[in-house]
Amino acid sequence: MVDEGKGYLTVLYNIGLIIVLSVSLGMLIEKILSLVSPVQANTPGNDTKRISKQ
Amino acid sequence: MITFSMIPNMECSLFLLIFLSLATGTISGFAGVGGGFIMTPALIIMGFPAPLAVGTGVLWVMGNSIIGTLRHRHLGNVDFKLGLIMIVFMMAGMEIGIRALSAATQAGMAETAVLCVTICALLFVGGSMFWESTRSKKKSNRDVDTGNKQTGLLVSLVSRIHIPPMMYFSRSGIRVSIWMLMVVGLVAGILAGFIGVGGGFIIVPALVYIFGVPSYISVGTSLFQIIFPAIFGAARHTLEGNIVIFAAFIMILGSSIGIYFGAQLTRILQDISMKYVLVSTIFVAILGSCLKIAAVLIEPEPAWIQSVMMIITYGGLAVIFLLIISLFTAAIRHRKGKPVPVFLQSFIKDD
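Conventions adopted
Residues numbered from 1 in each chain as written. Chains lettered and ligands numbered in written order. Predicted model: local features only at pLDDT ≥ 70, side-chain atom pairs only at ≥ 80, totals over all residues. Heavy atoms only, no water. Pairing = 2+ DSSP bridges. Helix = DSSP H or I, 4+ residues; strand = E, 2+ residues; numbered from the N terminus. Buried < 20%, exposed > 50% of the residue type's maximum accessible area, 1.4 Å probe, protein only. Patch = residues over 30% accessible without salt bridge, like charges linked within 9 Å, V, L, I, M, F, W, Y side chains within 5 Å. Areas by Shrake-Rupley, 256 points an atom, 1.4 Å probe, with all protein chains shown as cover. Salt bridge = Lys/Arg side-chain N within 4 Å of Asp/Glu carboxyl O. pLDDT = per-residue confidence, 0-100. Contact = heavy atoms within 4.5 Å.

Caption draft 1: Structural view of the pairing of strand S4 (residues 174–177) of chain B. Residues and elements named next belong to chain B. Direction of pairing for strand S3 (residues 166–169) relative to S4: antiparallel, over a ladder of four bridges. Pairing of Met 167 across the sheet is with Val 176, part of S4. If you look at the hairpin formed by S3 and S4, you'll find four residues sitting between the two strands, and Gly 173 has a positive phi there, around 70 degrees.

Caption draft 2: Layout of the environment of Phe 232 of chain B. Residue and element names in this part refer to chain B. Mapping Phe 232 onto the fold places it in helix H9 (residues 215–240). A residue is classified by how much of its surface remains accessible, and Phe 232, at 43% relative accessible area, is partly exposed. Sequence separation between Phe 232 and Val 158 is 74 residues; the distance between their C-alpha atoms is 32 Å.

Caption draft 3: Spatial organisation of a nonpolar patch on the surface. Residue and element names in this part refer to chain B. Residues Leu 84, Met 91, Ile 98, Phe 228 and Phe 232 make up a contiguous nonpolar surface patch of about 400 Å² in total accessible area. Elements represented by at least two residues in the nonpolar patch include exactly helix H4 (80–106) and H9. By residue number, the principal contributor to the nonpolar patch is H4, which donates three residues. By the element assignment, Leu 84 lies in helix H4.

Caption draft 4: Structural context of the confidence of the model for chain B. All names here are of chain B. In this model, chain B carries a mean pLDDT of 81, and residues with pLDDT of at least 70 account for 94%. Summarising per-element confidence for chain B, the mean pLDDT is lowest in helix H5 (residues 110–146) (73) and highest in helix H10 (residues 245–268) (87). When the criterion is pLDDT under 50, residues 144–149 qualifies, and its contacts beyond four places in sequence or with other chains add up to one contact. Across the whole predicted complex the pTM is 0.81, and at the interface the ipTM reaches 0.74.

Set out below in structure tokens:
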């Protein structure tokens, strides 16, 4: 019972750690990219275009 | 060189691990595949025991798909409604696939059955994609002057099926019967569950060639869908003790840059280049599976198989990565108004 509980805690720890790491990394790079060059989203029939900094 | 406490007798190069995850992340972000079918054999070749390579690979795919989904969401490449509906059917199909695998295991033919189904599925998907891509490339060259909009045979057939309830997906710009989504989701799920993969290389071609979803939306939606089976797989492998968390950590750091680079490329390269990259990745996986089946059938296993497997895994990965870098370089040159070889021009989006 104790081992089973420890197993589930490890699952939560591993998956939680990787989710937090991925989301943080994703948001960090997103922030860096938005500072460097903001872009418009891809939409069907309308290809993306870089917004030139005024 | 680094060592992991779970694998005391193994040393691996930190540089190689980061390069491997960077290259696989780039392919994943560009082609919409999880990348587990490249990463797992690569980790085994590096010296990871097979169960730890599979478990760590699954955990890496989970993180990779989350980062990819975030980036593609920002680019407007994820159809969440389509993804959620497909994932329901896919998870149901995966359960059937996993039960079929258990039955094959009890019959003592799991390994051969999995490899045969993998090779057949990859050959069918890769072959039909290659044939269709070549055909549509020739057709698009012809239709440039006439302004014809090209639609695939399967897409036009599926769009004629109007069995209610019909659903409209505004992001993808398609209207399809939910029954068609169910059939495709179940088949993709059964295959993914039986083979033991996330299903990216089945879902991307299915969305593009059956429903007519634009390639860049298929890539983002596929990465979003992969998150769910990857979380399930990672939980199962953690309970089995198959995870090297520190290795997964390093791999995610490496692939985060690659996946962003790959996702950005969907903005400057045409759909056709994604299709060719996906086809190349599928053919590398076919070669790897053929070698594995040879290793199972030939007793005792010849020593050369491991060397050839290493060449195919790392060589194939390097070739595909170089192909992407070449397309990227050509696109940048094209944007700057510099000359680009004529055969590469159809792979690049105009400004």
